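Below, each chain spelled out in residue letters.
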Amino acid sequence: MSSLRATTTPVPQSTGAALEVRCMGGFSVHLGGVPVRRWHAGKARSLFQYLLVNRGRVVLRDTLYEVLWPDQEWSPGSSSLKVAAHALRRMLLESGAPARIEHQDFGYVLRADDLWVDAEELQASFSAGRVAELRGDHEGATAHYRRVAALHQGDYLAGETADWVHEQREWYRSLALRALTYLRGQALAREDFPEVIEWSRQALAIDRYQEETYQALMIAHGRLGELDRVRSWHELCVRRLGEELNLEPTAETTRILAHAMQGRLRSSAA
């Protein structure tokens, strides 16, 4: 049987791009493999993050003020945005990054060359996996979805609390969950139960309330004859759904538990 570590497409430490930005699980910028650490003004980093998501599109000043200073009333005479934009330009210039901030049409736009962003790579890998899945190319879909799983190293811009960050975070969580659900299904079809367990554990790290994930874990451990693990996952499922969502598990979850305890899930290979 294959294992998660053997089958997940690894994320390279360096992609070869002049400018590398990683947003999954935290935020870091590398120029030629060297981390960029100085951002000067406090909002320069946040400005870069937001303009990066909207790269190539002009973002109006009003929008940037609402995003960067949501609790402050904006006035036309405010210089806060100009200070942040100046600091960001200075950082990019001093670091020699192949990116620039332009003032255009009452707003700002980020333009960059030779840039790699892990979040964009995740999105592209998911889209490619979806296309392969729809045309019945399960080998191709599996390869792309494994790339998605590898790229989702944690929440998008972990630690940031802006509303727009939450929106992006939930989007990438949903893509990762859909990829993991597909990978788990393929592993179940192959009866690769250790891999089912690994994909399921990754899914729970994103969504601890997805009952189907607990069901898959119970089936996998049941097929392996690990009944104590079956009961533990069932208890955790019941507790989380009940105490935190005030929900009861479905009849299917109860049925899987009963079949496992009766030995009816035990795999002949196990």
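Quick note: structure is the one above.
Residues numbered from 1 in each chain as written. Predicted model: local features only at pLDDT ≥ 70, side-chain atom pairs only at ≥ 80, totals over all residues. Heavy atoms only, no water.

## Focus: the overall build of the protein
Stage number 1. Scanning the protein from N- to C-terminus turns up eleven helices and seven strands.
Stage number 2. Across its three principal directions, the C-alpha atoms of the protein cover 75 × 40 × 35 Å.
Stage number 3. In the protein, buried positions account for 43% of the 270 residues.
Stage number 4. Counted over contacts in the protein with a minimum sequence separation of 6, partners at least 24 positions apart contribute 63%.
Stage number 5. With the model as given, the accessible surface of the protein reaches about 14100 Å², and the carbon-plus-sulfur share is 48%.
Stage number 6. Taken as two groups, the 33 positive and 35 negative side-chain charges of the protein have centres that lie 3 Å from each other. (Helix = DSSP H or I, 4+ residues; strand = E, 2+ residues; numbered from the N terminus. Buried < 20%, exposed > 50% of the residue type's maximum accessible area, 1.4 Å probe, protein only. Contact = heavy atoms within 4.5 Å. Areas by Shrake-Rupley, 256 points an atom, 1.4 Å probe, with all protein chains shown as cover. Lys, Arg positive; Asp, Glu negative; His and termini not counted. Charge placed at Lys NZ, Arg CZ, Asp CG, Glu CD.)

## Observations concerning the pattern of salt bridges
Stage number 1. Inspection of the entire model under this criterion finds 18 salt bridges.
Stage number 2. Two residues, Glu94 and Arg90, come together in a salt bridge whose shortest N-O distance is 2.9 Å. Of this pair, Glu94 and Arg90 both sit in helix 4 (residues 80-95), four residues apart, which is roughly one turn of the helix.
Stage number 3. On the basis of relative accessibility, which here comes to 41%, the residue Arg90 falls in the partly exposed class.
Stage number 4. The closest approach of N and O atoms between Glu191 and Arg223, which form a salt bridge, is 3.0 Å. (Salt bridge = Lys/Arg side-chain N within 4 Å of Asp/Glu carboxyl O.)

## Some words on a nonpolar patch on the surface
Stage number 1. A cluster of nonpolar side chains, namely Val58, Leu60 and Phe106, defines an oily patch on the protein surface of about 290 Å² accessible area.
Stage number 2. Its location among the elements puts Val58 in the loop between helix 2 (44-53) and strand 4 (59-60).
Stage number 3. Overall, the relative accessible area of 33% leaves Val58 in the partly exposed class. (Patch = residues over 30% accessible without salt bridge, like charges linked within 9 Å, V, L, I, M, F, W, Y side chains within 5 Å.)

## A short note on the nonpolar core
Most often, soluble globular proteins have nonpolar side chains that are buried together.
Stage number 1. Ranked by internal contacts, the top residues of the largest apolar core, which has 80 residues, are Val21, Leu47, Phe48, Leu51, Leu88 and Tyr156.
Stage number 2. In terms of residues, this core owes the most to one element, helix 7 (residues 163-190), which gives eleven residues.
Stage number 3. Look past the residues within four positions of Phe48 in its chain and what remains in contact with it is Val21, Phe27, Val29, Trp39, Leu88, Leu92 and Leu110. (Core = buried A, V, L, I, M, F, W, Y, C linked by side-chain atoms within 4.5 Å.)

## Side note on the packing of helix 8 (residues 193-206) against helix 9 (residues 211-223)
Stage number 1. It is the contact of helix 8 with helix 9, at a shortest axis distance of 9 Å, that shows an interaxial angle of 155°. The angle between the axes of helix 8 and helix 9 places the two elements in the roughly antiparallel class. Handedness of the crossing formed by helix 8 with helix 9: left-handed. Contacts between helix 8 and helix 9 involve Phe193, Val196, Ile197, Ser200, Ala203 and Leu204 from the first element and Thr213, Tyr214, Ala216, Leu217, Ala220, His221 and Arg223 from the second.
Stage number 2. Partitioning the contact of helix 8 with helix 9 into residue classes produces nine nonpolar, three polar and one charged. (Axes fitted to C-alpha atoms, helices over the stretch in contact; angles between N-to-C directions. Parallel < 35°, antiparallel > 145°, perpendicular 65-115°, else oblique. Left-handed = near helix turned anticlockwise from the far one by under 90°. Nonpolar A, V, L, I, M, F, W, Y, C, P; charged D, E, K, R; others polar.)

## Digging into the packing of helix 2 against helix 4
Stage number 1. At their nearest, the axes of helix 2 and helix 4 sit 8 Å apart, and the two run at 80° to each other. Here helix 4 runs roughly perpendicular to helix 2, going by the angle between their axes. Facing Ala44, Leu47, Phe48 and Leu51 of helix 2, the residues of helix 4 in contact are Leu81, Ala84, Ala85, Ala87, Leu88 and Leu92.
Stage number 2. Residues belonging to the contact of helix 2 with helix 4 are distributed by class as follows: ten nonpolar, no polar and no charged.

## Structural notes on the sheet that holds strand 2 (residues 28-31)
Stage number 1. Reading across from one edge, 3-2-1-7 is the order of the four strands in this open sheet, with mixed pairing throughout. The two strands at the open ends of the sheet, each matched to only one other strand, are strand 3 (34-35) and strand 7 (115-117).
Stage number 2. Sheet topology places strand 2 next to strand 3; two bridges connect them, and they run antiparallel. Looking at strand 3, one finds that Leu31 is bridged to Val34. (Pairing = 2+ DSSP bridges.)

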